[in-house]
Amino acid sequence: MPISWQFEFHEEVESTQDLVRAKPDAVEGYSVSAARQTKGRGRFGNKWVSETGNLYTSFLLKPREPKTDWGQYGFALSLAVFDTVKELGPAAEFIQIKWPNDVLVNGKKIAGILLEAHDENIIVGIGLNIASPPEAGIGLQDVTSETLGFTSVQRVLYTALGNNIAILRKEGFATVRTRWLQYAAFLGQNIKVRLPESTIEGIFTNINEQGALALRLPDGAEKLITSGEIFGM
Ligand code: BTN
């Protein structure tokens, strides 16, 4: 069964994540979007600056898989954002996905995805820059001559989300992983990985069946990274 999206829109909220989280018994596909957020949040407790002009959206996902596999959704979701950017903006060669699920255009971040597990639910949050990217980022409006509205971007995004979640559920992670690796930033290259207590370096060689990043360390050993931030060198 495809997800049936139930959309709610607000002009201003603290965070769309909190509104979805407040309704754990809502149906899968319950979605809250806002024109701006006053307390938008990103991964690792970072603030997500949320001025008017971009898309801020969260939705409820009810995974059937064991919790150890929930990370796989992040890869399907980042492919959905990739597909959205490709449909509305530049050709695929300019778009990359930075592990685990940031989407980059010309090396600059255009979208971030936050997954927050809560009991049996995942609350997915997506911030997609359209016309007000932060200074170091890029927006869809920077890479297309079409004038893009919030509603049309949201429509394309949610169609892509439905498609990519369906592929994960029907075909499994192997299909998602193969496609994700085609667009991975820094694959095969030397990277830095910022971990909570340290920063390490190595070659990004692969992602495994759970979505962990495989890093070949300078001594030849392989280390699996399940959470962290990567940087090219
Ligand atoms: C990241 O750090 O890259 C993830 C950013 C996620 C931002 C989105 S915007 C909609 C939703 N509401 C939030 O407060 N955060 C997410």
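Residues numbered from 1 in each chain as written. Predicted model: local features only at pLDDT ≥ 70, side-chain atom pairs only at ≥ 80, totals over all residues. Heavy atoms only, no water.

## Here we look at the packing of aromatic side chains
To keep things clear, this is the line we draw: Here is the rule: rings of Phe, Tyr and Trp (six-membered ring for Trp) pair when centre to centre is within 6.5 Å. Planes less than 30 degrees apart are stacked, more than 60 are edge-to-face, and the remainder are tilted. Helix and strand labels come from DSSP, where a helix needs a run of H or I of at least four residues and a strand needs a run of E of at least two; each type is numbered from the N terminus. Any residue under 20% of the maximum accessible area for its type is buried, any over 50% is exposed, and the rest in between are partly exposed; the area is computed with a 1.4 Å probe on protein chains only. Lysine and arginine charges are scored as sitting over a ring when NZ or CZ, respectively, is within 6 Å of the ring centre and within 35 degrees of the ring normal.
Throughout the structure, instances matching the rule amount to eight aromatic pairs. Between Trp5 and Phe59 the ring centres are 5.0 Å apart and the planes differ by 80 degrees, which places this aromatic pair in the edge-to-face class. With Trp5 in the segment before β1 (6-13) and Phe59 in strand β3 (residues 55-61), this residue pair connects regions lying 54 residues apart in the sequence. For the pair Phe7 and Tyr158, a centre-to-centre distance of 4.9 Å together with 85 degrees between the ring planes defines the contact as edge-to-face. Placement of the pair is Phe7 in strand β1 and Tyr158 in helix α3 (residues 150-171), with a sequence separation of 151 residues. We classify Phe7 as partly exposed; its relative accessible area is 45%. Taking the relative accessible area as the measure of exposure, Tyr158 reaches 2% and is therefore buried. An aromatic cluster of at least three residues, connected via ring pairs, comprises Trp5, Phe7, Phe59 and Tyr158. Over the aromatic face of Phe231 sits the side chain of Lys98, whose NZ or CZ is 5.5 Å from the ring centroid.

## Examining the site of the ligand
Filter applied, for reference: By convention in these notes, a residue is near a molecule or strand provided one of its non-hydrogen atoms lies within 4 Å of it. Distance and chemistry together define a polar contact, namely a pair of N or O atoms within 3.5 Å, with one atom able to donate a hydrogen and the other to accept it when in protein, and with adjacent residues in sequence counting only for side-chain atoms on both sides. Surface accessibility in these figures is a Shrake-Rupley result with a 1.4 Å probe; residues are shielded only by whichever protein chains are displayed. Here the term charged refers only to Asp, Glu, Lys and Arg, the term nonpolar to Ala, Val, Leu, Ile, Met, Phe, Trp, Tyr, Cys and Pro, and the term polar to all other amino acids, Gly among them.
Taken together, 20 residues are adjacent to the ligand, and Ser15, Gln37, Arg41, Arg43 and Lys109 come closest. A distance of 2.7 Å separates an oxygen atom of the ligand from a polar backbone atom of Arg43. Side-chain polar atom of Lys109 to an oxygen atom of the ligand: 2.6 Å apart, as the coordinates give it. Considering the ligand on its own, with 420 Å² of exposed area, one finds that the protein chains cover 98% of that surface. Listing elements by their share of the shell around the ligand, those giving two or more residues are α1 (16-21), β3, β6 (108-118) and β7 (121-128). With four residues, β6 is the largest single contributor of residues to the shell around the ligand. Here the shell around the ligand is built from residues that sort into five nonpolar, 11 polar and four charged.

## Points about the layout of surface pockets
Rules: Here the term cavity refers to a set of points on a 1 Å grid, laid over the protein atoms alone, in which a 1.4 Å probe fits but cannot get out; the term pocket refers to an open set having protein on both sides within 12 Å along at least five of seven lines, with lining residues being those that place an atom within 4 Å of a point. Grid points are joined across faces, edges and corners, and a volume is the space filled by probe spheres set on the points. Domain start and stop points were drawn from an automatic or database domain assignment.
The space that makes up the largest pocket amounts to roughly 670 Å³. In terms of residues, the lining of the largest pocket owes the most to one element, β6, which gives five residues. Of the residues belonging to the lining of the largest pocket, the class tally is 11 nonpolar, 14 polar and eight charged. Within this model, the second largest pocket holds a volume of roughly 480 Å³. Around the second largest pocket sit 21 residues that line it, and Gly71, Pro100, Asn101, Leu115 and Thr226 are the ones nearest its centre. Of all elements in the fold, only α2 (72-88) and β6 reach the threshold of two or more residues within the lining of the second largest pocket. Among the residues making up the lining of the second largest pocket, the classes are represented as 10 nonpolar, nine polar and two charged. Both domain 1 (6-182) and domain 2 (190-232) contribute no fewer than three residues apiece to the lining of the second largest pocket.

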